[in-house]
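Coordinate analysis (summary)
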Amino acid sequence: MKSVYLAVVVCIMYEMFIRGLTNYVPEVEFEFKKESSVEVEYKYERIGEVKKHCKPVLSSASEFKAEDNRIADIKEELNFGYGDWWQDVGDAPIMPFDDRDIPKNLSQAPSNISSFWITDVDHVHQTKKSVSVSGILMLGITLDTSFAERPYEGSPRFQIWPSHTQLAISFEGIYTETKQNGGERVMCLLGNAMLPSRESDSNNPWEWLKGSDLNYNQAPLLQDDQILLVLHYPLTHRLTNRVIRGELKSLNPKSNAKYFDQVHILAQMLKSTKYEFGSEKIVSKACDPYPYRDNLMNAGINVYKGDSFCTILEQVTNSGAFTVVPNWKCNGTDDYCSKLGPFMSDKEIKATNGSFKDIILYMQDVRCKPTNGHRNASAARVAAVFRAAPASEDQYRLRWRSGLSNMTLAAEGIWNSSSGQLCMVGCLGIVDVEGSSCTSRIFLYIPLSFSIKQRSIIVGSISSIDESNKVYFPLSFERLVRASELWNYFRVSHPYYSYSKIQSAGVILEKNEPFSFGTLVKKSLLQFPKLEDTDDFFSSLSLLAEDLTLQISAVPDPFPSSHPPRVDIQMDIFSLGPLFGRYWHSRNVTTREEDTPYHTKAEYTEKQLLLNVSAQLTVTGKDYSNFSVLFLEGLYDPHFGRMYLVGCRDVRASWKILFQTMDLESGLDCLTEIIVSYPPTTARWLVNPTARISIASQRNEDDPLYFGMIKLQTLPIMYRKQREDILSRRGVEGILRILTLSLAIASISSQLFYLKQNADSSPFVSLVMLGVQALGYSLPLITGAEALFKREASDSYEMQSYDLEKSQWLNLIDYTVKLLVLVMFLLTLRLCQKVWKSRIRLLSRTPLESHRVPSDKRVLIATVTIHVIGYIVVLIIHTVKTSQIPLRTDRFMDSRGHSQTLREWEIELEEYIGLVQDFFLLPQVIGNFIWQIDCKPLRKLYFIGITVVRLLPHFYDYIRAPVPNPYFAEEYEFVNPTSGFYSNFGDIAIPITAVFLAAAIYCQQRWNYEQLSQILTFRQCSLLPAGSRAYERLPSKSFEAELASDVNGNNSRKLEHDDEE
């Protein structure tokens, strides 16, 4: 039985150990493969019906030519996605839409989307004029992005859920080609679908959708195979012939419940299809003569004229939408100035009054073909589709829309390196053969020169070709660039930054940094982000720019009494000194100076290391919409870690008041001063590691562009080297954890040997004390929590240390820690076993005096009572401290990176559990007092060693930097260093109390109860009650000899033998 018991215990512990290790292994991203659809056999059994209903298509079909290879590419070229569809107005809609859960104030409207996939081409039964094909058509009405998934083949079905409806229809039919309409590729198909059932009342056809007990998976459906789809594709893909048209109609009579009104489909060819540039006549209407003179060419902006125009254009257009610039220069009528260029303006766009707030412009389906220009100049022919839409629409769905409408411009044009101008003609909506809708001229440039007024990687405009009859003000668009993107676009040609506000920034510096004794002391004691002592100047600048970049949350400064709303700060460094963007040796080798280290050159004096800087500050918060984006330029003083900046904010959206303000610069309000103060890189334990930002307007208070001063303080930040310290600290803490656990194992092992030699003291070891320790050792094995050292975690830290978590040596450390904790747990269980058996043996010697055997019942009651009272006191103190702060719930990241939520009382309970483990000697002190011991149940190495192990984390927390991972915000795994037991006060108070308990144990074992009672007697008043002989220790050896012949002697020897084993 004993071996079975041990085997069960070992198995349980092994399972707990494995579970604990599992919690430490970083999650592995497995490649998720969608379950493949069942193989479908295409039999084409309805070919007779197809020929009957597709007779008009077959009659106009022409024979396939042997030299044409278009049939081989049908399956790849004739698919389309995210097209438009609409239905004729009538009494028979094809599908419902559940809009009951849509908020009434939602400005976004549902989109009618269509997609088509060819699933099979039957080349075996191909005729001279047709070939059999199969496909799937998906029609949907949706507000989400789940429409892109291709349905399983051979399983037409209808699906509906709130804000989304989709209908899949399977088709089989024929593919033909015809010379009509300039040449077309036509598919005529018969479909099979499960249509949603309509009610007989045409005014309320979807009554079943309004039921309170609606089950979306059990919608009433009707199977219908009388559906005809005809799709017309252009034979040649060009500007005037790029649209896919389709008609979907029911072959049932109108009286049939399956009948639906005709559906029209409109889409574009996929980008994989070949585009033919051949619309020179139409292009010449907008671009002859080339280059065409416009305002952008006269703005003094240096533009890209290199050989990689097509590459850069495709990269920029793929990275996001363009921003529409307000018509701030327009001084005409409201209708003229508020019109969104050639696009059809709806109510939402007109409501912007020409500011075009939150209106975006996508450049889709970009086709760029490099060619040779005049006199060996680089040239390119470009085609694209410009799509305008409110930013409230789903960006993913909008980016892939392929339908043409009055919100799209199909464009084609030319680019030449001699001017760097891309000139295109724009055609609104569907383009006919003559190009009658091609009435717009489009200019586009890629700037190389940047300044505080010019931060765009793309600038362009859309204007009317007919200048004598202008119906709208020229529409401008741009795309702001991020500093980190610059070297992705320009590999050979180098962009540059021109400073123009340095003198104004110097005035701000002189005004806000007066000379004083305090500044000298600060300069001598503290260090701030500065140029590193490296051999390469540009590398040092790039590293410093990384340290000065901010992307973090912030709060008002000073912190208000009420809980402030969340504010997000992003400050990107554009240029630092002569460096623009970021620097990598492999990409920018031509900008390197000679090999002499820059810090040894005479020109780099301390005064000249006052660096020019330009940046972009983005403040996201509901109270900061007036200056959400600020373009900054000024000086950085590395001696004091301060930036003194001039800020320009875009006020062009307020174009109606711009005429009242004469001191704007290109529509920017540059009368703003910004000061950014960075925390020092040294003495982090003395200075709160937060950055402070102040934004002030230099305008008068009666100016319409004036705003009050804004002061923000970020959450604690970390510099690059400090992040490296965090990464290395994880390994150091792991080693410290192994050392402390090894000390604990040695202490427990010494106690086991001690009890073996002093068996008569074993009964007086408190089982409650051992149980507290066993519980503390088992929790890390079960939950995966850190042993001894608490590790703060957050989203940012988990992402930054992802590679670190996967490090093999760190995993080895984690496994070793788990193994040591398991060993400690088993040794503690062995201690419990020895104590329990010793008490059974003692009870067997004195069966009539069981009260003389030490019992932990009173010890447990006293310990629990003390800790419950202590926990209540802690809750009361915490409530008093946080009475002014609203009740909240805190998030924390567990060891696997999952976000969890704890209420405040749960957080305090988690911390108090750690306190119970720190005060593990309390039950033994209580037991020694109750049992009035006259022995030494605990070895000095044991209780002193375990106490040291429990207190080391507090000493470590006290002496290390106060914010080892500043991104914690309010997110901790078990403890909150700003309050409670792991605060600075707790790191002092807890060790003092634990040392007091260890000293009490020492005194109780050094002197017996009577001696302690005499010592603690003052003027005949004893602090201890009178002694008792209830737990007087029995002489074990003589008693064993006396009972040797008794049956209990056999039991005693058996127990002793088991105990020795």
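Residues numbered from 1 in each chain as written. Predicted model: local features only at pLDDT ≥ 70, side-chain atom pairs only at ≥ 80, totals over all residues. Heavy atoms only, no water.

Here we come to the overall build of the protein. When you go through the protein residue by residue, the secondary structure sums to 27 helices and 32 strands. The buried share among the 1061 residues of the protein stands at 52%. Across the protein, every contact between residues at least 6 apart in sequence was considered, and the portion connecting residues at least 24 apart equals 74%. Per element, the accessible surface of the protein, about 51,900 Å² overall, is 55% carbon and sulfur. (Helix = DSSP H or I, 4+ residues; strand = E, 2+ residues; numbered from the N terminus. Buried < 20%, exposed > 50% of the residue type's maximum accessible area, 1.4 Å probe, protein only. Contact = heavy atoms within 4.5 Å. Areas by Shrake-Rupley, 256 points an atom, 1.4 Å probe, with all protein chains shown as cover.)

Moving on: the side chain of S250. On the secondary structure map, S250 appears in strand β8 (residues 243–250). Take S250: its relative accessible area is 10%, and that puts it in the buried class. Within the local environment of S250, its side chain forms a polar contact with the backbone nitrogen of N252, the two atoms lying 3.2 Å apart. Discounting chain neighbours no more than four positions away, the residues touching S250 are Q226, K258, Y259 and F260. (Polar contact = N/O pair within 3.5 Å; in protein donor to acceptor, adjacent residues only side chain to side chain.)

With that out of the way, let us pick up the confidence of the model for the protein. Residues of the protein with pLDDT of at least 70 account for 73%, and the chain-wide mean is 77. Model confidence for the protein, summarised as mean pLDDT per element, is weakest for helix α17 (residues 795–800) at 38 and strongest for β8 at 96. Counting interchain partners and residues more than four positions distant, the pLDDT-below-50 stretch residues 586–607 has 36 contacts. Every residue in residues 789–806 scores below 50 in pLDDT, and together they form 51 contacts with partners more than four places removed in sequence or on other chains. (pLDDT = per-residue confidence, 0-100.)

What follows covers the environment of V732. With respect to the helices and strands, V732 occurs in helix α15 (residues 720–757). Note: C-alpha distance between V732 and L810 (78 residues apart in sequence) is 9.9 Å.

Glancing now at the state of the cysteines. Within this structure, the stated rule accounts for six disulfides. The partner cysteine of C287 in its disulfide is C423, sulfur to sulfur 2.0 Å. In this structure the cystine formed by C287 and C423 twists about its S-S bond by roughly -95°; its chirality is therefore left-handed. Note that C287 is positioned in helix α5 (residues 280–287) and C423 in strand β14 (residues 421–428), a separation of 136 residues in sequence. We note that C287, like C423, is buried. The disulfide bridge from C310 ends at C368, spanning 2.0 Å between sulfur atoms. Between C310 and C368 the sulfur-sulfur dihedral comes to about -70°; the bridge is accordingly left-handed. Taken as a pair, C310 in helix α6 (residues 309–318) and C368 in strand β11 (residues 359–372) lie far apart in primary sequence, 58 residues in all. Residue C368 is classed as buried on the basis of its relative accessible area, which comes to 15%. Within the protein, bonded cysteines paired by disulfides and numbered along the sequence follow the pattern 1-2, 3-8, 4-7, 5-6, 9-10, 11-12. (Disulfide = S-S within 2.5 Å.)

Moving on, we get to the pattern of salt bridges. Close approach of charged atoms lets side chains of opposite charge pair. Here the structure, examined in full by the defined rule, presents 18 salt bridges. The partner of R401 in a salt bridge is D84, and the shortest N-O contact between them spans 2.2 Å. Within this pair, whereas R401 is found in the loop between α9 (395–400) and β13 (408–416), its partner D84 is found in strand β1 (residues 80–87), the two being separated by 317 residues in sequence. Classification of R401 by relative accessible area gives buried; the value is 13%. Residue D84 is classed as buried on the basis of its relative accessible area, which comes to 13%. With a shortest N-O distance of 2.4 Å, R381 and E280 are connected by a salt bridge. (Salt bridge = Lys/Arg side-chain N within 4 Å of Asp/Glu carboxyl O.)

Taken in spatial order, the eight strands close into a barrel running β10-β11-β12-β13-β14-β15-β17-β18, and their pairing is antiparallel. Between one strand axis and the next, the sheet turns through 30° on average, direction left out of account. Pairing of strand β17 (residues 456–464) with strand β18 (residues 475–480), which is carried by six bridges, proceeds in the antiparallel orientation. Bridge pairing in β18 links S461 to S476. Against the sheet, α5 engages β12 (378–390), β13, β14 and β15 (440–445), with an angle of about 110° to β14. In this fold α6 packs onto β10 (322–325), β11, β12, β13, β14, β15, β17 and β18, with an angle of close to 160° to the strand it touches most, β11. (Pairing = 2+ DSSP bridges. Axes fitted to C-alpha atoms, helices over the stretch in contact; angles between N-to-C directions.)

Every buried residue belonging to α6 is among F309, C310, I312, L313, V316 and T317, and all of these are buried. Down the axis of α6, the sector holding all buried residues measures 165°, keeping them to one side. (Arc of directions from axis to C-beta.)

Once that is clear, we can look at a nonpolar patch on the surface. A surface patch of nonpolar side chains, amounting to about 520 Å² of accessible area, comprises L860, V864, V868, I872, I876 and V880. When its relative accessible area of 43% is taken as the criterion, L860 is described as partly exposed. (Patch = residues over 30% accessible without salt bridge, like charges linked within 9 Å, V, L, I, M, F, W, Y side chains within 5 Å.)

Core analysis: the largest hydrophobic core is formed by 53 residues, its most contacted members being I748, M769, L770, L921, L938 and Y942. Counting only elements with at least two residues in this core, the list comes to α15, α16 (767–783), α19 (808–845), α21 (904–918), α22 (922–931), α23 (940–959) and α24 (984–1006). The element best represented in this core is α19, accounting for 11 residues. Leave out the neighbours within four places in its chain, and L938 touches Q751, Y754, V765, M769, L921, Q924, F943, I1001 and Q1005. (Core = buried A, V, L, I, M, F, W, Y, C linked by side-chain atoms within 4.5 Å.)

Cis geometry marks the peptide bond from D288 to P289, where omega comes out at 5°. Cis geometry marks the peptide bond from Y290 to P291, where omega comes out at -5°. With respect to the element layout, P291 can be found in the loop between α5 and α6. The backbone of N181 sits at a positive phi, close to 55°, despite the residue not being glycine.

Let's shift gears to the pairing of strand β24 (residues 629–637). Burial analysis of β24 places eight of its nine residues in the buried class, which makes it a mostly covered element. Sheet topology places β24 next to strand β25 (residues 642–650); eight bridges connect them, and they run antiparallel. The residue bridging L630 from the neighbouring strand is R649, located in β25. Taken together, β24 and the strand that follows it, β25, pair antiparallel across an intervening segment of four residues, in which G641 is found at a positive phi of about 65°.

Taking 1.5 Å per residue, 12 residues should reach 16 Å; helix α13 (residues 537–548) reaches 17 Å between its end C-alpha atoms and fits that length. The buried fraction of α13 amounts to 10 of the 12 residues, a majority that puts the element mostly inside the structure. (Expected span 1.5 Å × (residues − 1).)

Per the counting criterion, the structure on display carries 15 aromatic pairs. With centroids separated by 6.1 Å and ring planes inclined at 10°, the aromatic side chains of F64 and Y175 adopt a geometry described as stacked. Highlighted residues: F64 in the loop between α3 (55–59) and α4 (74–77) and Y175 in strand β5 (residues 164–178), separated in sequence by 111 residues. In this pair, the class of F64 matches that of Y175, namely buried. A network of ring pairs unites the aromatic residues F450, Y497, Y499, F574 and F580 as a single cluster. In this structure, R441 packs its charged tip against the face of Y292, placed 3.9 Å from the ring centre. Positioned above the aromatic ring of F574 is the side chain of R455, whose terminal nitrogen or guanidinium carbon lies 4.7 Å from the ring centre. (Phe/Tyr/Trp six-rings, centres within 6.5 Å; stacked < 30°, edge-to-face > 60°. Lys NZ or Arg CZ within 6 Å of the ring centre and 35° of its normal.)

Attention shifts here to the environment of R652. Position of R652 among the secondary structure elements: in the loop between β25 and α14 (655–658). Remark: the alpha-carbon pair of R652 and K329, spanning 323 residues in sequence, is separated by 8.7 Å.

Right, let's get into the pairing of β15. With six of six residues buried, β15 lies mostly within the body of the structure. Here β15 shows a buried face lined by S440, I442 and L444 and a second buried face lined by R441, F443 and Y445. Of the pairings in the sheet, the one linking β14 to β15 comprises five bridges and is antiparallel in character. Its bridge partner being in β15, V425 is matched across the sheet by R441. Bridge count for β15 against β17 is six bridges, and the pairing is antiparallel. Each residue of the ladder has a partner; that of Y445, found in β17, is V459.

Moving on to the side chain of R387. Relative to the elements of secondary structure, R387 occurs in strand β12. It is D84 that comes nearest to the buried, bridge-free R387 among opposite-charge side chains, at 5.2 Å. If sequence neighbours within four positions are ignored, R387 has contacts with Q268, I360, L361, Y362, Q364, L398, R401, S402, G403, M407 and T408. (Lys, Arg positive; Asp, Glu negative; His and termini not counted.)

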